[in-house]
Amino acid sequence: MTTPSELDPKPATEATRLANAQVLRDLPFDDTFDFELISRGLVAPLIDGGLVKGDKGQFIFSYDAYGFADGDAPDTVNPSLWRQATLMGRAVDCSSWLIVCTR
């Protein structure tokens, strides 16, 4: 018999579902301008999936790590954070990401 692990995903609580539903009502999720900006001017995909390394070759950041965020947010995740992760997964370079975040 398998016992649940502390690391196993758990369903969203009612409070989390209600809070996330409120975020969906309060924010303009039908505004897709950020998604247009992130794809505008794409010249080529990033090398190595957007892996950013330091001057000594150490891992710093990877846009590819955000590839999981696609479609609607699960009920355990704040929809606004999911949207931002989706945009990061589609980012073509750091300047595009900054345009989205500072708009």
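Being a predicted model, the structure only gives us computed values, none of them experimental. The numbers attached to residues start from 1 for each chain and follow its sequence in the written order. The model is predicted, so local features are restricted to residues of pLDDT at least 70 and side-chain atom pairs to those at 80 or more, both for listing and for counting; the totals for chains, interfaces and linings are taken over all residues. Side-chain measures here rest on the full set of heavy atoms in the structure, leaving out hydrogens and waters.

Undergrad: Can you help me understand the overall build of the protein in this one?
TA: A tally of regular secondary structure across the protein gives 4 helices and 2 strands. Element order for the protein, N to C, with α for helix and β for strand: α-α-β-β-α-α. Buried residues in the protein amount to 21% of all 103 residues. Should any heavy atoms of two residues lie within 4.5 Å, those residues are considered in contact. Nonlocal contacts in the protein, meaning residues at least 24 apart in sequence, comprise 57% of its contacts between residues at least 6 apart. Note that accessible areas follow from Shrake-Rupley with a 1.4 Å probe, and for residues the cover is restricted to the protein chains shown. Total accessible area on the protein stands at roughly 7600 Å², and carbon and sulfur atoms take up 60% of it. Here a strand is any run of E in DSSP of at least two residues, a helix any run of H or I of at least four, and the numbering for each starts at the N terminus. Burial status follows relative accessibility: with a 1.4 Å probe on protein chains alone, a residue under 20% of its type maximum counts as buried, one over 50% as exposed, and anything between as partly exposed.

Undergrad: What is the right way to look at the environment of Ala69 in this model?
TA: Secondary-structure assignment places Ala69 in the loop between strand E2 (59-62) and helix H3 (79-90). Ala69 gets classed as buried once you look at its relative accessible area, which sits at 5%. The spacing of Ala69 and Trp82 is 13 residues in sequence and 6.4 Å in space, taken between C-alpha atoms. The residues touching Ala69, leaving out its near neighbours within four places in the chain, are Trp82, Ala85 and Thr86.

Undergrad: Hey, could you run me through the environment of Lys10 in this one?
TA: By the secondary structure assignment, Lys10 is in the segment before helix H1 (14-26). Setting aside its immediate chain neighbours within four residues, Lys10 contacts Ser5 and Thr76. Separated by 3.3 Å, the side chain of Lys10 and the backbone oxygen of Asp8 make a polar contact. For this analysis, a polar contact is any N or O atom pair within 3.5 Å, provided that within protein one partner can donate a hydrogen and the other can accept it, and provided that sequence-adjacent residues contribute only side-chain to side-chain pairs.

Undergrad: Would you mind showing me how to read the pairing of E2 here?
TA: A regular strand carries its side chains on alternate faces of the sheet. Should DSSP find at least two bridges between two strands, the strands are regarded as paired. Note: strand E1 (residues 51-53) against E2, 3 bridges, orientation antiparallel. Opposite Val52, over in E2, you have Phe61 as the bridge partner. The hairpin turn running from E1 into E2, its antiparallel successor, is 5 residues long, and Gly57 in that turn takes a positive phi close to 85°.

Undergrad: Please clarify how the pattern of salt bridges should be interpreted in this entry.
TA: Once the charged atoms of two side chains with opposite charge are near each other, the side chains can pair. Whenever a carboxyl oxygen of Asp or Glu lies within 4 Å of a side-chain nitrogen of Lys or Arg, that contact is scored as a salt bridge. A complete count under the given rule lists 2 salt bridges for this structure. The partner of Arg83 in a salt bridge is Asp34, and the shortest N-O contact between them spans 3.7 Å. Within this pair, whereas Arg83 is found in helix H3, its partner Asp34 is found in helix H2 (residues 33-39), the two being separated by 49 residues in sequence.

Undergrad: Explain the confidence of the model for the protein to me, please; I cannot follow it from the model alone.
TA: Parts of the model with low pLDDT should not have their predicted coordinates read in detail. pLDDT is a per-residue confidence score from the predictor, ranging from 0 to 100. Across the protein, the average pLDDT comes to 80, with 78% of residues at or above 70. Overall, residues 92-103 carries pLDDT values under 50, and its contacts beyond four positions in sequence, including any with other chains, amount to 20 contacts.

Undergrad: What exactly am I supposed to notice about H3 here?
TA: Owing to its 3.6 residues per turn, the α-helix brings residues three or four apart onto one side. Across its 12 residues, H3 extends 17 Å between first and last C-alpha, which sits within 8% of the 16 Å expected from 1.5 Å per residue. When we look at burial in H3, the residues that qualify are Pro79, Trp82, Arg83, Ala85, Thr86, Leu87 and Met88. Sitting at the amino-terminal end of H3 is Asn78, which places a side-chain oxygen 2.7 Å from the backbone nitrogen of Ser80. Here the expected span of a helix is defined as 1.5 Å times the quantity of residues minus one.

Undergrad: Can you help me understand the side chain of Thr86 in this one?
TA: Mapping Thr86 onto the fold places it in helix H3. In contact with Thr86, other than residues within four places in its own chain, are Phe35, Ala69 and Asp70.

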